Protein chains: 2
Amino acid sequence: MTLTTVGKYLVNSLHDMGIKHVFGVPGDYVLDLMDRFVDSPMKLINTSCELGAGYAADGYARVNGLSALVVTYGVGGLSAFNAVAGAYAERVPMVVISGAPHSKMRNSQTMMHHLVGHYTMQLEAYRQITEYAVMLSDGASVPDKIDEALDACLRSKRPVYIEVPVDVVDQLCRQPLPNRQKSALVSNPDALNEAVREAAEMLNAAKKPAVFIGMEIRRFGLGECLMQLLEKSGYPVATTIGGKSGIPENHPHYIGVYQGGFSLGTAHDIIEEADALLCLGAWMTDMTTGGFTAHIDPNHMISANSEIVKIKHHFYNQVILKDFIEHLTNALKSSPEPDHFHTPTPYKYNSNFIPTPQKMMTVKRFFERLNQFLDNTMLLVCDTGDVIFGGAEMYREQKESHFSQDYYLSIGYSLPAGLGVSLAAPDKRTVVLIGDGALQMTVQELGSHIRFNTNALIFVLNNNGYLIERLIHDGPYNEIQTWQYARLPDVFGGGYGVKVRTEDELELALQEAKKRSGQTVVIEIVVDKMDSTDTLALVGERVRKISNNHP
Amino acid sequence: MTLTTVGKYLVNSLHDMGIKHVFGVPGDYVLDLMDRFVDSPMKLINTSCELGAGYAADGYARVNGLSALVVTYGVGGLSAFNAVAGAYAERVPMVVISGAPHSKMRNSQTMMHHLVGHYTMQLEAYRQITEYAVMLSDGASVPDKIDEALDACLRSKRPVYIEVPVDVVDQLCRQPLPNRQKSALVSNPDALNEAVREAAEMLNAAKKPAVFIGMEIRRFGLGECLMQLLEKSGYPVATTIGGKSGIPENHPHYIGVYQGGFSLGTAHDIIEEADALLCLGAWMTDMTTGGFTAHIDPNHMISANSEIVKIKHHFYNQVILKDFIEHLTNALKSSPEPDHFHTPTPYKYNSNFIPTPQKMMTVKRFFERLNQFLDNTMLLVCDTGDVIFGGAEMYREQKESHFSQDYYLSIGYSLPAGLGVSLAAPDKRTVVLIGDGALQMTVQELGSHIRFNTNALIFVLNNNGYLIERLIHDGPYNEIQTWQYARLPDVFGGGYGVKVRTEDELELALQEAKKRSGQTVVIEIVVDKMDSTDTLALVGERVRKISNNHP
C-alpha cells in the first residue's frame, strides 16, 4: 500500500469534500501546511486578519456546506476565536486547522514564541467551541483522527479543530480508505415512530396547523424534505430570520418572517393562532421570539431540531430531523386545498419606489428601494443592527439567498462573511448590508474583497454610531469616530465607492453599481443618527427590558 | 454600615488602584456597567473593536501598572481573546470585565443572543488565559471576589476575568474594607537564604560575572532594586528586547541587548564569556536566545524569575524576585571599580545621519535616522516583524521608554497598544513602529488614535507583505493587498499622513511631524520588498530552522 503524508491527507480530504477555497492568515508554524494548500487545486484566500478569515469561512460554509480555516498557533488561532464561536453557536460546519510548534519543543516544554502558558492551552480553549478537537501527533494515528474530525463536522454542522505541529505535516501516513463508511447519527426507530405518531395525531386533528422553520432546515440541507411536507399537507409556513430563504418567498404557502410581536406579513396571526405548530429546526431564542413577545401555547407545539423532538413538554431523543420530517410527511393527511386556514399571502415590501430628488435618505426609503433593486442573481448578507431587521423585510424568491447571524449576532460579521459567500457563489452578486459601527470592526476585509476581485455590493448605513444600542440604552459609548466610508475602496487599492445623501444620489449610485457588476462597490448611505426601521424601534425597547429583567 | 452597589464597588476599586482610562466596546449586556464607568472619574475609551481594546489595555498596563478592559458577552469577550492571551503570556496585569445575560436567563437556560453552547463557556475559556476567573452572582459575595481578583492580578501581573451578569450590576454590597491586607506572595525565608547564599558564592568567586535582565524586572517594578545591585556589584548588564529600557542605556554598566548570535553592542561576548551569569526576570525563549544561538553554560547560570530561582539545574521555589535581588545585593561583595571585566560600552546606532536627496529609503537608513530623531520625550512601541529588531537597536536613555511583545509576538499589537501607552503617558510622544502586514490586522484603531487625540507618530514600514515570513519561508500567502497607508488618517477623519520614498522626503516628513506634535501622524516609509535589518536576515534563516527542527 502506497503511503501519503499528513499534509496531503488533510488537504485531499478537504478537497474531496467539495472545498475550493481555504481561508487563513500565514504564520511561521503553519507555512509548511499552507504550502500543501498552495500545491492543491484549492485556492488559499489570505485575508488581513484571522477574525476576518474566520467570518469568511463561516459565510463560505453556509453556501458550500463546508469550509476550512487555516491559521497559525496562538496569535492566529486565538484571534479567530470569536468567529469560530459564532459558527459553533449557529451550527456552521468549519474545519479549523492550526499550525503548532514542533513536537520536540512541546515535549521539552521549550518557551517558543506565540505560546500562552502551556502547550495544550489552545486545544483546551477550542474544545469549548468545537464539536471535536484534536492535536495530531504521529502519522500512524492521523488518518483516523482526521476522518473522525471531518465526520463530526458534517454530522453536527459545527466547527472542529485540528492542530498540526510543524513536524507532523510531512510525516507518512496511510492513504484514505476508498469505501469508508462515514460516521453518522441514526434515529432510534421506536422513538422515531412514537414521535411521528404523536405529532401526526396532533397535526391531523388540528383545524389551523402551521409550520415554523429555522436555520437548521437550511444547514442540514432539508429544503426538499420540507417542500414535500408542505406540498402534501398544505400547511402555511413562516421562517425565523436565519431560516429566511429556506423556502422561496413566492411559494403559495409562505407567510413571512415570524418573530413574535415584530413579525412581518401574515405570519404573526397564523403562527400564534395555530392549534398545532410544527417547528422544524427553529430555535426559540430571544431573537426568534421577538424578545419573548411570542404568544405560542407550548401545548400546541411540536418542535423538531437536529436530533431531538419536543412535543408539549416531553422529549424524544435520538430522532434525526430528516427522518422525522420524512416519516411525518407520510403520516400526515393529504390536504391539497389549504382551505381550512387563512389564505397565506406572501409578504412583499412596497416596490413602487419613485425617487424624490434632493430628498434626504431615510432608512425606510432605503429598504424600499433596495427591495426593488434586489433580484434573483443577488445574495444578501446582513450584519447585526438595524440591517438585520431591514434585510429580513426584503422579498426573496431565490432559495438560499439570505444570510445573517440571527442568534450569535456578532457585529462586523457580514463584510468578511460576504467575502466567503461571494467566493462560494461567483455566478451571483453578493450584496452586503452593514452599519458603520459594524464596518469598523472588520474594515480591513474590504481590502480582501478588492484583492480577490469579488463583485460584492456593500451598503454601509452610516448613522454615526451604534444605533441599536442607542435605542436599547444610550450613552456616550454609542458614539464612534466618523470615517469617510465611501473613500475606503480607493485607499484599499481598488473597487469603487460613493456616498449617498439623497434619493436621487442613490439612483445614480445604483446605476453605477449595476455597471460595475464585476467590481467591489461600496455605497455609503448617510441617514439621521436616530433613524431606524419600525422593527428596530420596537426591538430596542424590548431588548432593553429583557437585558435587565426576566420577561 | 452603608452599602454600595456591585458596579460602584468594581469601578471605585479600579479607580483607587490608579486606573484613569478604561478600554472597551459597548454591547447590550454591559451597558449598565459602562454607565458606572461613565459616571466615574475614569475615562471610557471605546475603540473600534475588542481586539484593539485589549491591545490598548495591554499597552496602558505596561505604563500604568494596571489596566481594565470592559466588553460585552460572547461576541465581545471572545473577540478580545487573543489580546488577553498575549497579556497572560507576557505578564501584563489587566482586569477583563465582561457583561453577561441576566442570571434568570442563565438559570432557566434560555437561549439568548451572543450565547455559545452554554452559559459558562466564556468563563471556562477565560480560565485558560487568566490567573483568576469568576462569575459574580449575589451581592453578598461580590466584594470578596473582586478583591481576590484584583489581588491576583497585581500579584501575578497577569490578566484576571470578572463576569458580571446585568442583574448583578446594581445589587447592593458592602463597602470596601478600609485597611484590607492585600494578598501577596511571600518568600520562604530558608529557601531564600539558601538560594542567596549559593548565588552569592558563585558570583563573588567569579572573575567575569554579568547580569541579564528581562521583562519581569520592568513588570514587577524592580528597576530601583536592580540599580542598587548594579551599583554595589559593578556588574555589566544586558537586557532582552522586552527588558530594554529597564535600565537607562547611558548607564555605565549597560552593554546592550543580548539575543544570542544576534546580540547588539558588546553584550554578546560579555554574556557568553561570563563565568557567573545572573539572569533576573529573563526568560530563556526562542527570541531571547536568538533562536537558540546562545552559548551559555547552564553551570554558570543563576536564573531568578518572579517566584522561582534556578541555579545550574536545581530550583528554589517560593523565592520572590524582589526579595532575592535585595538579599543578594547585601550578600555581594562591593566592587565600585568594575575593572575585572570588559569595559562596558553602551551600544549606540550611528547618529551622524546626513540625508542624500532623492536616494530611495532603505530599512537601515530609516533606523539610522530614527535613532537620531528619538529623544527622551518619546516612547517607542514596536510591533512584531523587522521593526522589533530595528527598534531594539534604538538608543534609549529614558527608563521605561521601549515597548514590544518580545515573547508572544502578535502582529498588529503596536497600533492599539500605542493608543494605551499614549493615554497613560500624555506628556510624552508615542512613536509606533509597524509593518504594513501588521497594520492591516488592527488598522481600525488608527481611527481611535484620532478620536482620542493622541499625539502618536506612527511609522508604517511598507514592504508590500509579510517580510519576516518571506525570509523564513516564502510563498504566495506572504503577499498582501497594497493600501495607501498615508491616506488612512484622512479617511479616518483627522490627523496627518505622508508617504515617504526618499531620504529627503523623510526629512520633510519628520519636520512636519515635529510641528504637529499634538496630532496623530502617519509616516509611510516605502522600502523594497526584501529589504531588512541585518538582524532580521539572520533571524529569518534561523527561525525557519527551529520551526521545523529541534536545534
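Reading guide: rules and limits
Residues numbered from 1 in each chain as written. Chains lettered and ligands numbered in written order. Predicted model: local features only at pLDDT ≥ 70, side-chain atom pairs only at ≥ 80, totals over all residues. Heavy atoms only, no water. Phe/Tyr/Trp six-rings, centres within 6.5 Å; stacked < 30°, edge-to-face > 60°. Helix = DSSP H or I, 4+ residues; strand = E, 2+ residues; numbered from the N terminus. Buried < 20%, exposed > 50% of the residue type's maximum accessible area, 1.4 Å probe, protein only. Lys NZ or Arg CZ within 6 Å of the ring centre and 35° of its normal. Contact = heavy atoms within 4.5 Å. Buried area = accessible area lost by both parts, 1.4 Å probe. Salt bridge = Lys/Arg side-chain N within 4 Å of Asp/Glu carboxyl O. Nonpolar A, V, L, I, M, F, W, Y, C, P; charged D, E, K, R; others polar. Pairing = 2+ DSSP bridges. Axes fitted to C-alpha atoms, helices over the stretch in contact; angles between N-to-C directions.

Draft legend 1. The packing of aromatic side chains, seen in detail. Throughout the structure, instances matching the rule amount to 23 aromatic pairs over all chains. Taking 5.4 Å as the distance between ring centres and 65° as the angle between the ring planes, the aromatic pair formed by Phe-23 of chain A and Tyr-60 of chain A counts as edge-to-face. Residue Phe-23 of chain A is located in strand β2 (residues 21-24), and its partner Tyr-60 of chain A is located in helix α3 (residues 50-64); the two are separated by 37 residues in the primary sequence. Ring plane angle 65° and centroid distance 5.1 Å describe the contact between Phe-366 of chain A and Phe-367 of chain A, whose orientation is recorded as edge-to-face. We note that Phe-366 of chain A, like Phe-367 of chain A, is buried. One aromatic cluster is present, formed by Phe-81, Tyr-126 and Tyr-161 of chain A together with Phe-81, Tyr-126 and Tyr-161 of chain B through successive ring pairs. Between Lys-514 of chain A and the ring centre of Phe-373 of chain A, over which it is positioned, the NZ or CZ distance is 5.0 Å. It is Arg-516 of chain B that lies over the ring of Tyr-496 of chain B; its NZ or CZ is 3.9 Å from the centre.

Draft legend 2. Inspection of the interface of chain B and chain A at higher detail. Taken together, the contact between chain B and chain A spans 89 residues of the former and 89 residues of the latter. Area buried by chain B at its contact with chain A is led by Met-111, Tyr-477 and Val-491 of chain B, which between them contribute 10% of it. At the junction of chain B and chain A, the tally comes to 2 salt bridges. Two residues, Arg-487 of chain A and Asp-490 of chain B, come together in a salt bridge whose shortest N-O distance is 2.4 Å. A per-class count over the side of chain B that touches chain A returns 45 nonpolar, 31 polar and 13 charged.

Draft legend 3. Seen up close, the sheet that holds strand β11 (residues 254-257) of chain A. Residue and element names in this part refer to chain A. With respect to topology, 7 strands assemble into an open sheet ordered β11-β10-β9-β12-β13-β14-β15, the strand pairing being mixed. Of all the strands in the sheet, the pair left with one neighbour each is β11 and β15 (314-317). Neighbour to neighbour, the strand axes of the sheet diverge by 15° on average, direction disregarded. In this sheet, strand β13 (residues 301-305) lies alongside strand β12 (residues 276-280) in parallel orientation, the contact comprising 4 bridges. The partner of Leu-277 across the bridge, within β13, is Met-301.

In short, shape yes, function no, at least from these values alone.
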